[in-house]
Amino acid sequence: MKSPRGWIWLAVSIQVVGVGFEAAWHGLLDPGFEATTVREMAAHLGTVHLPIYIGALAVLASTAWALVDRMKRATAGVALPVAFTGAVVATAAEVWHAATHLQLSTRGGPIAGSIAWLGLLVVIVAVWLSGLGDRRRAAATRVDRRRAA
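Since this is a predicted model, take the numbers as computed values, not measurements.

J.: Would you take a moment to explain the pattern of salt bridges for this structure?
T.: Any two side chains of opposite charge can pair, given that their charged atoms come close. All told, the structure shown has one salt bridge when counted by the stated rule. Put simply, Asp-69 and Arg-73 hold a salt bridge, and the shortest N to O gap is 3.2 Å. Of this pair, Asp-69 and Arg-73 both sit in helix H3 (residues 50-73), four residues apart, roughly one helical turn. Accessibility expressed as a relative area gives 59% for Arg-73, which makes it exposed.

Here it is in structure tokens:
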């Protein structure tokens with residue numbers, strides 16, 4: 001991958017695939033699953049939910065990397081700080097979700113899951129908009145170079 005943005009898209013893809021796998025597992029493979037011990041729940045989270053956690057941490061790391069990289073080269077703008085904030089929110093919600101499950105409770109699960117999705121959506125929109133801005137600036141630079149020649 002050439003750019004931090006590419007790594008962000010890969011990380012987002014991992015998280016989305018992880019959510020899809022988890023939804024398929026709960027919805028199709030074992031719809032009645034209910035852990036009765038913390039050990040069973042930890043095993044469940046460490047297998048079925050693991051791709052989500054890997055994706056969330058990868059999104060957090062890649063947005064942080066992109067933000068630091070952009071700040072070294074120029075101003076960070078708004079999109080990457082917003083994307084990083086979305087990644088922090090999504091990761092925190094996944095931690096909350098896991099902690100709730102480890103207490104063998106499902107009370108906060110839907111709220112935590114929704115917040116995690118909202119954070120991931122913020123990342124997706126911010127990175128997409130950031131890419132649009134980069135492409136516009138690059139096109140304007142090419143036009144300016146042609147005019148100068």
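J.: For this particular structure, what's the right way to read a nonpolar patch on the surface?
T.: Judged by side-chain polarity, Val-78, Val-82, Leu-118, Leu-121, Val-122, Val-125, Trp-128 and Leu-129 come together as a nonpolar surface patch covering roughly 720 Å² of accessible area. Take the nonpolar patch: its biggest share by element is six residues, from helix H5 (residues 109-148). Checked against the element boundaries, Val-82 lands in helix H4 (residues 79-102). The class of Val-82 is partly exposed, set by a relative accessible area of 36%.

J.: Mind showing me how you'd approach the packing of aromatic side chains here?
T.: Working definition: an aromatic ring pair is given by the centre-to-centre distance plus the angle between the planes. Evaluation of the coordinates by the stated rule reveals one aromatic pair. Both rings, one in Trp-25 and one in Phe-33, keep their centres 5.2 Å apart while their planes meet at 75°; by these two values the pair is edge-to-face. On the accessibility criterion, Trp-25 (16% relative accessible area) is buried. When its relative accessible area of 25% is taken as the criterion, Phe-33 is described as partly exposed.

J.: Would you mind showing me how to read the nonpolar core here?
T.: In this structure, Ile-8, Val-12, Val-59, Leu-80, Val-123 and Val-127 are the most contacted members of the largest nonpolar core, which totals 13 residues. Secondary-structure elements contributing two or more residues to this core are helix H1 (4-29), H3, H4 and H5. Top element by residues in this core is H5. It accounts for four residues. Setting aside chain neighbours within four positions, we find Ile-8 in contact with Ser-62, Thr-63, Ala-66, Leu-80, Val-123 and Val-127.

J.: Could you clarify how one ought to interpret the packing of helix H2 (residues 38-45) against H4 in this entry?
T.: To characterise two packed helices, one gives the angle between the axes of the helices and the distance between these axes. Between H2 and H4, whose axes approach to 9 Å, the crossing angle comes to 150°. It follows from the interaxial angle that H2 and H4 lie roughly antiparallel. On H4, the residues that touch Val-38, Met-41, Ala-42 and Leu-45 of H2 are Ala-98, His-101 and Leu-102.

Reading the values: the criteria
Residues numbered from 1 in each chain as written. Predicted model: local features only at pLDDT ≥ 70, side-chain atom pairs only at ≥ 80, totals over all residues. Heavy atoms only, no water. Salt bridge = Lys/Arg side-chain N within 4 Å of Asp/Glu carboxyl O. Helix = DSSP H or I, 4+ residues; strand = E, 2+ residues; numbered from the N terminus. Buried < 20%, exposed > 50% of the residue type's maximum accessible area, 1.4 Å probe, protein only. Patch = residues over 30% accessible without salt bridge, like charges linked within 9 Å, V, L, I, M, F, W, Y side chains within 5 Å. Areas by Shrake-Rupley, 256 points an atom, 1.4 Å probe, with all protein chains shown as cover. Phe/Tyr/Trp six-rings, centres within 6.5 Å; stacked < 30°, edge-to-face > 60°. Core = buried A, V, L, I, M, F, W, Y, C linked by side-chain atoms within 4.5 Å. Contact = heavy atoms within 4.5 Å. Axes fitted to C-alpha atoms, helices over the stretch in contact; angles between N-to-C directions. Parallel < 35°, antiparallel > 145°, perpendicular 65-115°, else oblique.

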